[in-house]
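Given next are the chains, with one letter for each unit.
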Amino acid sequence: MQKSPLHPFSATIMAWYAEHQRELPWRQTQDPYAIWLSEIILQQTRVAQGLPYFERLITAFPTVRDLAEAPEASLLRLWQGLGYYSRARNLQKAAQMVMRDFSGVFPQSYDEIIRLPGVGPYTAAAIASFAFDEAKAVVDGNVYRVLSRVFAVETDIASSAARGVFTSLAQSLIPMQDPATFNQAIMEFGALQCTPSPDCSDCPLRVSCAAFSEHRVAELPIKSKKTKVKEIEMDYLVIEQNGQLLVRERTEKGIWKGMWEFYLIEDACDWLPFQRQALKSPPVHLLSHRKIHCDAWYVQVPDNFELEIPEGYGWMSPSDFESKGKPVLLLNLITDNLDCPILQDISPTYL
DNA sequence: AAAGCGGGGAG
DNA sequence: CTCCCAGCTTT
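About the cut-offs
- Residues numbered from 1 in each chain as written.
- Chains lettered and ligands numbered in written order.
- Predicted model: local features only at pLDDT ≥ 70, side-chain atom pairs only at ≥ 80, totals over all residues.
- Heavy atoms only, no water.
- UniProt positions renumbered as here; feature names shortened; annotations may be inferred.
- Core = buried A, V, L, I, M, F, W, Y, C linked by side-chain atoms within 4.5 Å.
- Buried < 20%, exposed > 50% of the residue type's maximum accessible area, 1.4 Å probe, protein only.
- Helix = DSSP H or I, 4+ residues; strand = E, 2+ residues; numbered from the N terminus.
- Phe/Tyr/Trp six-rings, centres within 6.5 Å; stacked < 30°, edge-to-face > 60°.
- Axes fitted to C-alpha atoms, helices over the stretch in contact; angles between N-to-C directions.
- Parallel < 35°, antiparallel > 145°, perpendicular 65-115°, else oblique.
- Left-handed = near helix turned anticlockwise from the far one by under 90°.
- Contact = heavy atoms within 4.5 Å.
- Nonpolar A, V, L, I, M, F, W, Y, C, P; charged D, E, K, R; others polar.
- Salt bridge = Lys/Arg side-chain N within 4 Å of Asp/Glu carboxyl O.

As recorded by an unreviewed UniProt entry, chain A carries the name Adenine DNA glycosylase and is attributed to Aquirufa originis. Looking at chain A in UniProt, the text filed under Function (unreviewed entry) is "Adenine glycosylase active on G-A mispairs. MutY also corrects error-prone DNA synthesis past GO lesions which are due to the oxidatively damaged form of guanine: 7,8-dihydro-8-oxoguanine (8-oxo-dGTP)."

Visitor: I'm lost on the nonpolar core in this one. Help?
Guide: Note that soluble globular proteins tend to have their nonpolar side chains buried in a common cluster. Residues F9, W36, Y236 and F262 are the most contacted members of the largest nonpolar core, which totals 116 residues. Broken down by element, the residue count for this core peaks at eight residues, all from helix α8 (residues 121-132).

Visitor: Help me understand the packing of aromatic side chains in this model?
Guide: Two aromatic rings are characterised by how far apart their centres lie and by the angle between their planes. All chains considered together, the criterion is met by 11 aromatic pairs. Here the aromatic rings of F262 and F321 are separated by 5.2 Å at their centres, their planes lie at 45°, and the arrangement is tilted. Here the residue F262 occupies a position in the loop between β4 (260-261) and β5 (263-264), and F321 occupies one in helix α13 (residues 318-322), the gap between them amounting to 59 residues. Within the aromatic cluster, the residues linked to one another by ring pairs are F9, F151 and F182.

Visitor: Honestly, the UniProt feature "domain: HhH-GPD" (unreviewed entry) in chain A in this entry has me stumped. Any pointers?
Guide: Mapped onto this structure's residue numbering, the UniProt feature "domain: HhH-GPD" (unreviewed entry) falls at residues 41-192. Along residues 41-192, the helical share is 64% and the strand share 0%, with 19 Å between the first and last C-alpha atoms.

Visitor: Would you explain the packing of helix α2 (residues 32-41) against α8 in this entry?
Guide: In a pair of packed helices, the angle between the axes and the distance between the axes together describe the arrangement. As a packed pair, α2 and α8 sit with axes 10 Å apart at the nearest point and diverge in direction by 150°. Here α2 is positioned roughly antiparallel relative to α8, judged by the angle of their axes. Judged by the sense of rotation from one axis to the other, the crossing of α2 with α8 is right-handed. On α8, the residues that touch P32, I35, W36, E39 and I40 of α2 are Y122, T123, A126, I127, F130, A131 and F132. Classifying every residue of the contact of α2 with α8 gives 10 nonpolar, one polar and one charged.

Visitor: Which parts of the structure should I look at to understand the pattern of salt bridges?
Guide: Where charged atoms of side chains with opposite charge meet at close range, the side chains can pair. As enumerated under the stated definition, the model contains 11 salt bridges in all. Between R216 and E214 there is a salt bridge, with the nearest N and O atoms lying 2.9 Å from each other. It is possible to trace a salt-bridge network through shared partners that takes in E154, E214, R216 and E219.

What follows is the structure, given as structure tokens:
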């Protein structure tokens, strides 16, 4: 068996990685479950933001069986604040699929792993290489940036053709003898050295980087799309009666599916003829695709009044509501109004 | 092929 | 402010 020669690019970034890699918990293991969990958490999420979530989740659910058998609400509560909540729901669906279709043994090849819900080409390649040494090149935002610069690839990374172009290039560079380290190295290099606004002065690739020699580092990678932000209004009533709160789970399509909220004002509220006390609300809540304006009020309903409960809502104790996952907008509303006793009762012990 | 989906940190 | 993060799913 002939050993294919190591491409100079690959040799350089792997040597750089040996010197500069961060010590991260999911790099200390080859357990595919722990690696999978870390990769789902890190989708569109920085290491610093995902790290505490990984620690809490791997502690709460040490095995794929624990995750599969957990109440979905407890998982979403642990995911609270991390965003992209469909990741959490798909995570548990996949865990249940591992238990049912793979007898509890995590699938060991790219072609099987990518069938799990929430696992796409990037995540499947990451798990297959890190846990099983399969030579599948990862292509994420870091890889787009590094390869587009070093090899002056002008393909628009927002185009649908980009994945194929960069996957082919990365796959041609991955060394069969150590694909896992190469994949780790190219992403770590993108995260720490070849950043969006890099300092090229100490880069080990400056002599061979096409973008550097052509003074085009700032132009690459090329990305065309700009996200358009829609402004919306979301006004809430914190309605209390008998020490309970009127709340609901967001089940419709759209943002925050599976998360819980107070009464969202969508009509004139003629059914609630009581005085409202204004709450402090964050001026705007920014999502990547929404700019949410929020106003909120507190309403105390007399204990003996028979309220006509709106469709989809129900009464819940403060402690039960605290245990549900809530969007950060609601968490901010709660923590900004701790002078309101019932909101103090649902103040989160951690984000 | 394009849109939808969270939240936060860096510059 | 803008950009983008160890992207995937749905339309």
